[in-house]
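Here's the letter readout for the chains.
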Amino acid sequence: MDLREIILLVSYVNRHPGITLKELSKRFNRSVGEIRKTLELASLCGLPDYTPFDLIDVDFEGERVYVRFADYLSRPVSLSLSEALAILWGAKILAKGHFSFTRPLEKAVDKIKRAISSELAAEAERLASRREIVLDEEESIMEAINKCIEGNIAAEMEYHSLARDELTRRIVEPYTIVVQRGRCYLIAFCRLREEFRRFLVNRIRSFSPTGEKFERKPFDVEKFLTSYSPEEVEVKIYYAEPAARFVRERVSKERREDKEDGGAIVRLGYGSYKRIIREWVLPFKQHAKIISPAELREQFLTELQKIKEKYEETA
Amino acid sequence: MSPISKTERLFNLLAFFLTAKHPVALDEIRKIEGYQGKSHAALRQSFYRDRKELSRLGINIECQRDERGRDVYFIPSHARYLPKINFTSEEIWALSLLSHFLSTHESYPFKDDLDLALKKIFFDVDVEMRLSDLPFIIDLSPRSAAVLNYLRFLDEALQRRKRVRFSYFSVRTGKVGIREVDPYYLFEKDGSWYLVGYCHTHNHLRTYKVGRFRGNIELVNPKEEGPDFEIPSDFNPESFHDLRPWREEEGAVEVEIWVSSKISFWVQRTLKFEEVKEVEDGTIMKLKVGDVDSFLDWVLSLGENVEIKSPPFLRKEMLKIVKEIEKSYGLAGDNTSR
């Protein structure tokens, strides 16, 4: 335990005489042994002249603990700058989800800011503005999703699927929002596909509650996220320099074979051919070449032909 | 008698200042166990070191001159304790969500601080979590442990406004070079972390991808206590969020594109357009483009959903690229029809 935690522990026991070691262990997330050892150390501290009446008196009565001669520690010491920053930044990040608790969280943070010195609050605010998670989701869509999640209300959704390059209309039962690696997803049961699916919120064109209440099915979101890999296909693409440098950043060594000419062959187990073509082939121009499967190559050349036709008309 | 530990000495120092009725001179500190029997110089050195340590923990012992011209020290009464805060049950619930999602998250940069802050804030309240009700998951984990370590270092440097030195891999040139940067701002976008700062190697503001840092990172002036730089008042962090290398800049070209109705809604969400006009099968949008090459990469990444309408030279350029790709597959670029 660092000094801040030791001080807080003594203050807490002082405030709650007779609290058990077990309760303290739970609250401070430390073992009973650690709590006892820390309190024993505190009993060696105090004020000048360090007589028995000046040192903190820690009494263990069975499982219960009492502290005396520590009136100056009956409240927690003020928040440090890093603690205030931790609260302000965390609240700022959670506010991005436009969840229903955002407003009470803002109010709570305002109360905390008023309880600390104005200089400390201003400095923490300044530092919190120096670190950001950038999410560009539409506020109105996020709010509509959150309302449906909280009320178990089905919604009609227009969604652009990257894998199929289709705009579809479907009824979904929204379960949760997941922000992962800078992207915001809705996890919902999709009545069109009849299974749980993950949707990029940015790709939702419209989201309208139907008013129909749905019954939640047993669902483990953590399990779903770790096992989610839709329609995986394995493809091989060769990248020449300089494209290979960009690709090396995104593909692990296990899925990559670096060549002597500076290029790299990459194996991707990925969503759909359409998505691979758009994300992994076309932007790299002639520096990316599909090795296999032949079907992907065919599909790519067909799309390339369509693009070419657009420009041949007038060029 | 064995010497007391540093923790005990700091505890005693804090207890002394929390109970001090008036600012105290250095000599009075000699009464505190852990400082007794020291020479004046040793006492000063030891106290200054401990004062710095307490300050790191967020407990600031301030200094002023008394009427005798001596330095005297004190903790202002308003900075001593956190008063009781009356929260509504909704506010407690909202704060407990903050606690659950961030203080339990290993990669939350201020994890330990948040944990302790909430313990202080909930000093008078027993909070019961209702985990089954949670409506969201936020995963802040960077892609690698190396990035996490760089971020921790940069966070600290940013807070103390200290200049950093690191090796950086330029993906454009394929070379690693040393950079000295005043860190202004950190942000995550699409799963990658970026540092914005004034680069003394290039003498202007730059954005660096933390995943391209290599090897060690260090402070340029580790021995100097104070900050190395000030952040200019006109620094606008949000202007760095747009990472498209082709974004508007001096000498930009005005471009008109057609975007299919399937994707025009999110293209409009993510880009700024000067003019937008709905047409039967999509949307015509006007924008300014600085770096034409990377703009063409972006257009290609949207496949047949986007077409450059003008200027004509960009249409020609696109056709040339498509033909070059065809050639790379052994197809005659000019007149192949599939």
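This report concerns the structure included in the present document. Bear in mind the structure is a predicted one, so any value in this text is a computation, not a measurement. (Residues numbered from 1 in each chain as written. Chains lettered and ligands numbered in written order. Predicted model: local features only at pLDDT ≥ 70, side-chain atom pairs only at ≥ 80, totals over all residues. Heavy atoms only, no water.)

Some details on the overall build of chain A
Right, on to step 1. When its secondary structure is counted, chain A shows 11 helices and 13 strands.
Right, on to step 2. Against the compact-globule benchmark of 20 Å for 315 residues, chain A has a radius of gyration of 29 Å, which places it well outside the compact range.
Right, on to step 3. If you line up chain A on its principal axes, its C-alpha atoms span 95 × 60 × 40 Å.
Right, on to step 4. Considering chain A as a whole, with its 315 residues, one finds that 52% of them fall into the buried category.
Right, on to step 5. Restricting to contacts in chain A with at least 6 residues of sequence separation, those with at least 24 account for 59%.
Right, on to step 6. Element-wise, carbon and sulfur atoms account for 47% of the exposed surface of chain A, whose accessible area totals about 14300 Å².
Right, on to step 7. For chain A, the distance from the average position of its 55 positive side-chain charges to the average position of its 53 negative side-chain charges is 3 Å. (Helix = DSSP H or I, 4+ residues; strand = E, 2+ residues; numbered from the N terminus. Rg over C-alpha atoms; globule rule 2.2 N^0.38 Å. Buried < 20%, exposed > 50% of the residue type's maximum accessible area, 1.4 Å probe, protein only. Contact = heavy atoms within 4.5 Å. Areas by Shrake-Rupley, 256 points an atom, 1.4 Å probe, with all protein chains shown as cover. Lys, Arg positive; Asp, Glu negative; His and termini not counted. Charge placed at Lys NZ, Arg CZ, Asp CG, Glu CD.)

Observations regarding the overall build of chain B
Right, on to step 1. The helix and strand tally for chain B stands at nine helices and 13 strands.
Right, on to step 2. Residue pairs at least 24 apart in sequence account for 54% of intrachain contacts in chain B once pairs closer than 6 positions are excluded.
Right, on to step 3. Of the roughly 16700 Å² of accessible surface on chain B, a fraction of 46% belongs to carbon and sulfur atoms.

Considerations on the nonpolar core
Right, on to step 1. Core analysis: the biggest nonpolar cluster contains 84 residues, and A:I87, A:L186, A:F207 and B:L95 have the highest contact counts within it.
Right, on to step 2. Examining the composition of this core, we find that nine residues originate from one element, helix α4 (residues 81-95) of chain A, more than from any other.
Right, on to step 3. Domain assignment of the residues forming this core places at least three in each of domain 2 (81-129) and domain 3 (152-227) of chain A.
Right, on to step 4. Beyond its immediate stretch of four places on either side in the chain, A:I87 contacts A:V109, A:I112, B:L98, B:L114, B:A117, B:L118 and B:I121.
Right, on to step 5. Within the second largest apolar cluster, 55 residues are counted, among which are B:W246, B:V267, B:V289 and B:F295. (Core = buried A, V, L, I, M, F, W, Y, C linked by side-chain atoms within 4.5 Å. Domains from an automatic or database assignment.)

Structural notes on the pattern of salt bridges
Proximity of charged atoms lets side chains of opposite charge pair with each other.
Right, on to step 1. The final tally for this structure, using the stated rule, is 56 salt bridges over all chains.
Right, on to step 2. What emerges from the salt-bridge pattern is a single network uniting A:D2, A:R4, A:E83, B:D113 and B:K120. (Salt bridge = Lys/Arg side-chain N within 4 Å of Asp/Glu carboxyl O.)

Section: the environment of B:Y108
All names here are of chain B.
Right, on to step 1. Turning to its location among the elements, Y108 is positioned in the loop between α4 (89-103) and α5 (111-121).
Right, on to step 2. According to the relative accessible area criterion, Y108 is buried, its value standing at 2%.
Right, on to step 3. Expressed as a C-alpha distance, the spacing of Y108 and P3, which sit 105 residues apart in the sequence, is 38 Å.

As for the pairing of strand β7 (residues 192-199) of chain B
Residues and elements named next belong to chain B.
Right, on to step 1. Counting buried residues along β7, seven of its eight residues qualify, which places the element largely inside the surrounding structure.
Right, on to step 2. Summarising the sheet, strand β6 (residues 175-189) and β7 pair through eight bridges and their orientation is antiparallel. Residue pairing across strands places Y185 opposite V196, the latter belonging to β7.
Right, on to step 3. The pairing of β7 with strand β8 (residues 204-209) spans six bridges and is antiparallel. If you follow V196 over to β8, its bridge partner there is T207.
Right, on to step 4. Between β7 and β8, which follow one another and run antiparallel, lie four residues, and N203 among them has a positive phi close to 60°. (Pairing = 2+ DSSP bridges.)

In short, shape yes, function no, at least from these values alone.
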